[in-house]
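Fold and contact review
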Amino acid sequence: VFDLSSHLLFEHSATIDAAANSATSALRLALEDALAHNAVLFVKLSLTDATGKQLSQNFYWLAAHDSDYRKLNNLPTVTLQATATSQATGPEERPEQHITVTLANRSQTTALTTKLTLLDGANGPRILPAYYSDNYISLIPNEQRIVDITYPSSPTHVHPVIAVRGWNITPATIDPGEP
């Protein structure tokens, strides 16, 4: 749990045994005291298996009062470090392009809802269909995430690039280069 300044307020972990395809209560976060002292909280939840492999991750914004969400507009702007690589994949009869994007937040501010959009050139139209392993990503300070994008190969795509934008994100364009 983080405050609006991205300071860690507390963390908690629990080990549970959960049957497949069932609901199991893991823990209850008592956030009332934290919300009494902080207008907005960021809550990051991560589910891992017994080996430590991440299975799921969720990110929440919580406020004591609806009007407190306006404080999100005062977050400093974050410039993410972003790189991408591209490679051709898939069978010859249905070739695909696969782009791996690495996003890193090296700032001291949480980066909210980072959205990636695959474009045909920096100012071109969206490339559709495109399949993203994740999107609308929030990154706490010093967090990094890898996103995979797959789309059908086409001779009409001039130069695929990835546009990066978000709530408090400096817009940028990433060039994955030629596969």
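In this report, we go over the structure that sits alongside the text. In this text the structure is predicted, and so the values were computed from the model without any measurement. (Residues numbered from 1 in each chain as written. Predicted model: local features only at pLDDT ≥ 70, side-chain atom pairs only at ≥ 80, totals over all residues. Heavy atoms only, no water.)

Points about unusual backbone geometry
Note on backbone geometry: most residues besides glycine have negative phi, and most peptide bonds are trans. Note that the residue after leucine 128, namely proline 129, is joined by a cis bond; omega there is -5 degrees. For proline 129, the position within the fold is in the loop between β6 (111–120) and β7 (131–132). Its identity as a non-glycine residue notwithstanding, threonine 113 has a phi of 45 degrees, on the positive side. As for its placement among the helices and strands, threonine 113 is situated in strand β6. Relative accessible area serves as the criterion here: at 23%, threonine 113 is assigned to the partly exposed category. You will see that asparagine 142, though not glycine, has its phi angle at about 65 degrees, which is positive. Turning to its location among the elements, asparagine 142 is positioned in the loop between β8 (137–139) and β9 (144–152). (Helix = DSSP H or I, 4+ residues; strand = E, 2+ residues; numbered from the N terminus. Buried < 20%, exposed > 50% of the residue type's maximum accessible area, 1.4 Å probe, protein only.)

So, the layout of surface pockets
What the largest pocket holds in volume is close to 1100 Å³. As for the largest pocket, its lining consists of 31 residues, and the residues nearest its centre are Ala14, Leu27, Ser46, Leu47 and Thr48. Residue contributions to the lining of the largest pocket peak at six residues, all from strand β2 (residues 40–48). Looking at the lining of the largest pocket residue by residue, the classes come out as 17 nonpolar, ten polar and four charged. (1 Å grid on protein atoms, 1.4 Å probe; cavity = no way out; pocket = protein on both sides within 12 Å on 5 of 7 lines; lining within 4 Å. Points joined across faces, edges and corners; volume = space filled by probe spheres on them. Nonpolar A, V, L, I, M, F, W, Y, C, P; charged D, E, K, R; others polar.)

Some details on the side chain of asparagine 105
Relative to the helices and strands, asparagine 105 resides in the loop between β5 (96–104) and β6. At a separation of 3.4 Å, a polar atom in the side chain of asparagine 105 contacts the main-chain carbonyl oxygen of isoleucine 140. Residues within four places of asparagine 105 in sequence aside, it is in contact with Val78, Leu80, Thr110, Ala111, Leu139, Ile140, Pro141, Asn142 and Glu143. (Polar contact = N/O pair within 3.5 Å; in protein donor to acceptor, adjacent residues only side chain to side chain. Contact = heavy atoms within 4.5 Å.)

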